[in-house]
Structures are given as structure tokens and as C-alpha cells.
Amino acid sequence: LADALKRIGRGGKAVAEGSAAIFVPLGESELAEAIRGGQIVPYFQPKVDVRTAMIKGVEALARWRHPERGMIAPDTFIPLAEKSGLIRELTMKMTERALAQAAQWNARELRLTMAINLSPLSLDTPGFPQEVWALQEASGVPADQIVWEITESSVVANLGAALGTLARLRLKGFGLSIDDYGTGFSSMQQLARIPFTELKIDRSFVHGASRKPHLKVILQSALDMSNRLGLVSVAEGVETMEDWRLLQESGCSVAQGFLIAKPMPGDELAGWLKGHLGRVRELRQDKGAH
Ligand code: C2E
Ligand code: MG
Ligand code: MG
Ligand code: MG
């Protein structure tokens with residue numbers, strides 16, 4: 001017990017010391033400098049085909065490589081970027097870097113769909129689609145290899161502003177994904193107006209659903225709707241083999257989650273892929289194999 005108390009004591013102190021630094025709020029000017037200075041970098045998380053277990057694409061997720069504080073998660077600085085009007089600049093930096101990575105993989109015959117998250121606040125600014133096309137054309141990555149992810153909640157809150165931009169992006173051939181589906185109170189009517197190509201079910205309906213009958217029903221209904229609308233159905237938050245098996249049984253086409261891989265720097269993907277090939281057989285086999 002004495003040992004345990006000592007450990008807690010030490011841990012507590014360490015946390016307290018660390019948090020003194022962490023709780024000094026991140027400032028807008030610091031973020032602006034970080035964006036311009038290349039400290040905001042994309043990590044990439046694989047999206048795999050549920051039937052074959054092979055990689056289909058990746059999602060670019062922003063990380064702030066802070067010189068003193070280490071890696072900072074997007075939940076902290078995306079809201080700050082949105083509040084301070086820096087989000088458009090951040091989106092463009094992320095897009096530029098993500099597309100440069102996609103072009104590099106293309107050159108090595110690794111053709112992966114690149115998913116990029118969009119804030120609704122960058123959608124209603126004039127000239128946004130043109131700026132995106134310019135980046136896409138400069139990168140040489142075809143538009144149909146790029147998917148924009150927009151969270152369901154943000155689309156609903158900004159439908160008027162978002163609709164025109166989203167329609168323009170779709171007409172150019174980009175894919176459009178509804179992110180975190182099931183958390184946003186969107187009406188069917190609202191969703192029907194946006195030319196989505198993909199529906200991404202929030203992880204709260206995915207992880208652990210095999211043991212929770214009501215979650216399972218919601219997951220299955222969302223997958224059925226998505227499939228019948230002809231959308232690519234994606235499940236996020238696949239953390240266990242049970243989650244994965246349920247998706248195999250439920251007709252989900254693409255899965256993403258820690259069971260498959262955590263987000264990683266682009267130059268680690270090739271190494272991950274090698275290791276993943278060794279797991280494909282196990283992932284493909286279903287529970288009641290004939
Ligand atoms: P999101 O787009 O829904 O991304 C999925 C989040 O879930 C990521 O967190 C990812 O690391 C995490 N995740 C993936 N698999 C699992 C899993 O199996 N279990 C659990 N518990 N979590 C998993 P991350 O990278 O911290 O990003 C959080 C959110 O920040 C993103 O949610 C997205 O909304 C936003 N975000 C990230 N990058 C950008 C960006 O460049 N622009 C904008 N506007 N938003 C971004
Ligand atoms: Mg996303
Ligand atoms: Mg999501
Ligand atoms: Mg999310």
C-alpha cells in the first residue's frame with residue numbers, strides 16, 4: 001500500500017508539473033505561426049475494404065508538432081483555428097501536404113483515396129472551391145481520388161452556406177463524405193439535398209455494438225440506408241475483432257479504427273502495409289467459416 005501511495009504521489013506530482021505548462025492556453029498568434037511555419041502536419045489512418053481487408057485509402061488527420069509541448073491533438077487547435085479565422089489557411093496547408101503525399105504514393109503505384117476533413121466554416125468563404133481546385137491541379141492527384149469529410153452536425157448547422165460549395169466540389173468529381181453520422185440530428189430531407197458519396201458511421205455506434213442490441217440495430221439501419229442509397233458505407237472506431245466481425249456480417253464496405261491501424265506519419269505507411277499483409281488472412285476469415 002505504501003508503495004502504491006508513493007507511486008500515486010509521484011504520478012500526481014508529475015501530472016501537476018506537466019499540466020502547469022499544458023494549461024497555459026494556446027494562442028492565436030502561436031497557431032498562425034505554426035500553420036505558416038509547417039508545424040501542422042497530416043497523419044494518415046488507413047481505411048480498409050471489409051471484404052478483402054486490403055487498404056482502400058487513408059484519412060488525413062491534423063497534428064500540431066509543437067516544439068515545446070510535443071504532439072497536440074486536433075480537438076484542441078481546430079476549434080481555436082475556427083474561432084480565430086485561421087481555419088481556411090489550416091485547411092489549405094493540410095490539403096497541400098496530404099495531396100503531396102498522395103502524389104508520392106501514386107508515383108510508387110500505391111493508389112489510395114485521400115480523405116481530408118473540412119470545417120463548415122471554410123465552406124462558406126468565397127473562392128474556396130477555386131482554391132481547392134488549384135491545389136488539386138498542382139498536385140496532379142485526380143479529383144476522384146479525393147474525398148472531403150464533413151461532419152453531420154456541422155452540415156446541418158450551416159446547410160445554406162455549405163450546399164453551394166459542396167455541390168461545386170461534387171461536380172468537379174471529388175467525393176463527399178458525411179462524417180460522424182448518427183451524432184448530428186440531421187433530417188433525411190437535409191441529407192437528401194447534399195450530393196454525398198460516402199456515409200461514415202460514428203464510432204459510438206460501432207465499437208461494442210455486437211454486445212449492445214440497440215446499437216446493433218442502429219448500426220445495421222444506417223448501413224442498410226447507406227447501401228441502398230448507393231453510398232460507400234464506412235464504419236469508424238473499429239477497435240476489436242468483435243467489431244470487425246459484426247461489420248463483415250452487416251454489409252459494411254469500409255472500416256477504419258485502431259484494430260486496423262492508428263493514424264501515422266506518411267513515411268510509416270509502407271512499413272505498416274507490410275505488417276498488415278500478414279494479418280489479412282485472419283481478418284478475412286469469418287467466425288462461422290464453412
Ligand atoms: P474525425 O474526422 O471523426 O476523425 C476520427 C478520429 O477518431 C481521429 O481523431 C482518429 O484518430 C480517431 N480514431 C480513429 N480510430 C479510432 C478508434 O478505433 N477508436 C477511437 N477511440 N478513436 C479512433 P483525431 O485525429 O484526434 O481527430 C479528431 C477530430 O478532429 C476529427 O474527427 C476531425 O473532426 C477533426 N480534424 C482532424 N484533422 C482535421 C483537419 O485537418 N481539419 C478539420 N477541419 N478537422 C480535423
Ligand atoms: Mg473525418
Ligand atoms: Mg469521424
Ligand atoms: Mg469526429
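Residues numbered from 1 in each chain as written. Chains lettered and ligands numbered in written order. Predicted model: local features only at pLDDT ≥ 70, side-chain atom pairs only at ≥ 80, totals over all residues. Heavy atoms only, no water.

Draft legend 1. Examining the coordination of the magnesium ion (ligand 2) more closely. In the first shell of the magnesium ion (ligand 2), the protein supplies Glu 59 (OE), Asn 117 (OD1), Glu 149 (OE) and Asp 179 (OD), at 2.0 to 2.3 Å from the metal. All donors to the magnesium ion (ligand 2) come from one chain, and their sequence spacing reads E-x57-N-x31-E-x29-D. Separation of the magnesium ion (ligand 2) from the magnesium ion (ligand 3) amounts to 4.1 Å, with Asp 179 serving as a shared donor to the pair. Here Glu 149 lies in strand β5 (residues 146–151) and Glu 59 lies in strand β2 (residues 55–66), a separation of 90 residues in the sequence. (Donors = N, O, S within 2.8 Å, 3.2 Å for Na, K, Ca; no water. Helix = DSSP H or I, 4+ residues; strand = E, 2+ residues; numbered from the N terminus.)

Draft legend 2. Region of interest: the site of ligand 1. Taken together, 23 residues are adjacent to ligand 1, and Arg 63, Asn 117, Asp 179, Glu 239 and Phe 258 come closest. A distance of 3.0 Å separates a nitrogen atom of ligand 1 from a polar backbone atom of Ala 62. The side chain of Arg 63 places a nitrogen or oxygen atom 2.8 Å from an oxygen atom of ligand 1. Within the complex, the protein chains bury 86% of what would otherwise be the 800 Å² of accessible surface of ligand 1. The pocket occupied by ligand 1, as judged from atoms lying within 2 Å of grid points, is the largest pocket. Secondary-structure elements contributing two or more residues to the shell around ligand 1 are β2, α3 (74–83) and β6 (175–181). Of the residues forming the shell around ligand 1, the biggest block, 4 residues, is contributed by β2. For the shell around ligand 1, the residue count by class is 9 nonpolar, 5 polar and 9 charged. (Near = heavy atom within 4 Å. Polar contact = N/O pair within 3.5 Å; in protein donor to acceptor, adjacent residues only side chain to side chain. Areas by Shrake-Rupley, 256 points an atom, 1.4 Å probe, with all protein chains shown as cover. 1 Å grid on protein atoms, 1.4 Å probe; cavity = no way out; pocket = protein on both sides within 12 Å on 5 of 7 lines; lining within 4 Å. Sits in = over half its atoms within 2 Å of the grid points. Nonpolar A, V, L, I, M, F, W, Y, C, P; charged D, E, K, R; others polar.)

Draft legend 3. Highlighting α3. What α3 keeps buried is the set Pro 74, Phe 77, Leu 80 and Ala 81. For α3, the buried positions fall inside an angular range of 140° around the axis, keeping them on one side. Relative to its buried face, α3 has exposed residues pointing more than 90 degrees away, namely Asp 75 and Lys 83. The secondary structure elements touched by the buried residues of α3 are α2 (28–36), β1 (40–49), β2, β3 (70–72) and α4 (87–107). Of the residues one or two after α3, Gly 85 is the one with positive phi, at around 75°. (Buried < 20%, exposed > 50% of the residue type's maximum accessible area, 1.4 Å probe, protein only. Arc of directions from axis to C-beta. Contact = heavy atoms within 4.5 Å.)

Draft legend 4. View of the pattern of salt bridges. Enumeration over the complete set of coordinates arrives at 9 salt bridges. Between Glu 131 and Arg 88 there is a salt bridge; the shortest N-O distance is 2.6 Å. Here the residue Glu 131 occupies a position in helix α6 (residues 128–139), and Arg 88 occupies one in helix α4, the gap between them amounting to 43 residues. For Glu 242, the salt bridge is made with Arg 211, and the minimal N-O distance between the two is 2.8 Å. Here Glu 242, found in helix α11 (residues 241–250), pairs with Arg 211, found in the loop between β7 (198–201) and α10 (213–228); they are 31 residues apart in sequence, far enough to count as distant. A network of salt bridges, in which partner residues are shared, links Lys 47, Glu 59, Glu 149, Glu 198 and Lys 200. (Salt bridge = Lys/Arg side-chain N within 4 Å of Asp/Glu carboxyl O.)

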